[in-house]
Amino acid sequence: MSPAKLADVEAKLYPMPTTSMMVVQGGDIVYRYGNLSDVSYLASARKSILSMLFGRYVAEGKIDLDMTIGEIGIDEDDGLLPREKTASVKDLLTSSSGVYHAAGSPGGNAKTPERGQTEPGSVFLYNNWDFNVLGAIFEKRTGKSVFQALKDDLAEPLGFEDFDFDRQRMMGYENQSRYLAYHLFLSARDMARLGQLMLQGGKWNGKVIVPENWIAQSTKMRFTADQTKSKEGLGYGYLWWVPTSDDPAFKGSFLMNGNFGQFVLCLPAIDTVIVHRRAVTDEFALARNLGKTTYEPTKVSAGEFLAIAQAVVAARA
């Protein structure tokens, strides 16, 4: 990397609410900013990590992507419609279930269509009901909690440096849905290990952690940027966002994307991972997810982050 160009990148970060950022190239840290060991709330970046956890159990046959939520036994206290129960696991992974029941956590799409009118799998709608239910399905089919799987299947094999099992927690509105959100709290440097694992085809120290074919399946674009209505040109795979930049460095790229500024961008074409954090306190995250506050702190948008990432790419010597 060019030190002068990296200095220009850093100057762009000063006025932003960024709390940490790091760039890993070829497995080595080539740039660091802020406290990389600070553990904080991942917001929706959690969803891409759940996708990583799914891979092993899909390969083992414990999770069948074609099973419907009706067959699995997913329901709500006030009931799901017959059409809604035909949504498959695959539909939930692509946020296209067509189930527009109120979600048990904030942060979904406010413009939800009328229930029962959308064919499952046909329309992308960013919907926390889908994501929360995927956590419940994972636990039903594997017999393991999302948090235990994170510890056993990722944190320990990858040698996370800052993992705190007790920080991980379920949060949400208990009066809206049976299915709450499984929220994760990690550091920037541990998130970088997840990105590096993806770049390495799911292998770590010679051991398969995430099946390589699952990485290909989950990061393949299933809905285009036009279909997701993304201002930043992001398509969608299985819980991963897929950039559509024409820059060759972005070929095959994929992105974790969390509110306030939690990002992990994987750039396989140049063997690079970029991690960006805008930390918020646990207390605020808990209050927000319990509906005790609607305050929105300053954030780094996906568009702002991608502009920084483009500058990082341009800083290559």
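Residues numbered from 1 in each chain as written. Predicted model: local features only at pLDDT ≥ 70, side-chain atom pairs only at ≥ 80, totals over all residues. Heavy atoms only, no water.

*Asks:* Help me understand the pairing of strand 2 (residues 28–34) in this model?
*Replies:* The two faces of the sheet receive side chains in turn, since in a regular strand these alternate between them. Bridging between strand 1 (residues 20–25) and strand 2 involves six bridges; their strand directions are antiparallel. The partner of Gln25 across the bridge, within strand 2, is Asp28. A loop of two residues connects strand 1 with strand 2, the two strands running antiparallel in sequence, and Gly26 in this loop sits at a positive phi of about 60°. (Pairing = 2+ DSSP bridges. Helix = DSSP H or I, 4+ residues; strand = E, 2+ residues; numbered from the N terminus.)

*Asks:* Just to check I follow, could you spell out helix 1 (residues 3–13) for this structure?
*Replies:* An α-helical turn contains 3.6 residues, so any two residues separated by three or four positions project in the same direction. Within helix 1 the residues assigned to the buried category are Leu6, Val9 and Leu13. Take helix 1 and look down its axis: the buried residues cluster within an arc of 55°, on one side only. Looking at the packing, one finds that the buried side of helix 1 touches strand 1, strand 2 and helix 11 (302–314). (Buried < 20%, exposed > 50% of the residue type's maximum accessible area, 1.4 Å probe, protein only. Arc of directions from axis to C-beta. Contact = heavy atoms within 4.5 Å.)

*Asks:* I keep staring at the layout of surface pockets and nothing clicks. Help me out?
*Replies:* Taken as a whole, the largest pocket encloses approximately 1,000 Å³ of empty space. Forming the boundary of the largest pocket are 40 residues, of which Gly107, Gly108, Tyr126, Lys231 and Trp241 lie nearest the centre. Broken down by secondary-structure element, the contributors of at least two residues to the lining of the largest pocket are helix 2 (46–59), helix 9 (225–228), strand 11 (254–258) and helix 10 (282–289). Partitioning the lining of the largest pocket into residue classes produces 16 nonpolar, 15 polar and nine charged. Roughly 180 Å³ of internal volume is contained in the second largest pocket. Forming the boundary of the second largest pocket are Met22, Val24, Gly27, Asp28, Ile29, Glu161, Arg189, Ala192, Arg193, Gln196, Gln200 and Trp204. Contributing elements (two or more residues each) for the lining of the second largest pocket: strand 1, strand 2 and helix 7 (188–199). At four residues, helix 7 tops the list of elements feeding residues into the lining of the second largest pocket. (1 Å grid on protein atoms, 1.4 Å probe; cavity = no way out; pocket = protein on both sides within 12 Å on 5 of 7 lines; lining within 4 Å. Points joined across faces, edges and corners; volume = space filled by probe spheres on them. Nonpolar A, V, L, I, M, F, W, Y, C, P; charged D, E, K, R; others polar.)

*Asks:* Mind showing me how you'd approach the packing of aromatic side chains here?
*Replies:* The way to describe two aromatic rings as a pair is by their centre distance and the angle between their planes. Under the counting rule described, the total for this entry stands at 16 aromatic pairs. Through a chain of ring-to-ring contacts, the aromatic side chains of Phe124, Tyr126, Phe131, Phe223, Tyr236 and Trp241 assemble into a single cluster. Positioned over the ring face of Phe185 is Arg169, at 5.5 Å from the centre of the ring. Sitting over the face of the ring of Tyr238, Arg222 holds its NZ or CZ atom 4.2 Å from the ring centroid. (Phe/Tyr/Trp six-rings, centres within 6.5 Å; stacked < 30°, edge-to-face > 60°. Lys NZ or Arg CZ within 6 Å of the ring centre and 35° of its normal.)

Honestly, it's all geometry; don't read function into it.
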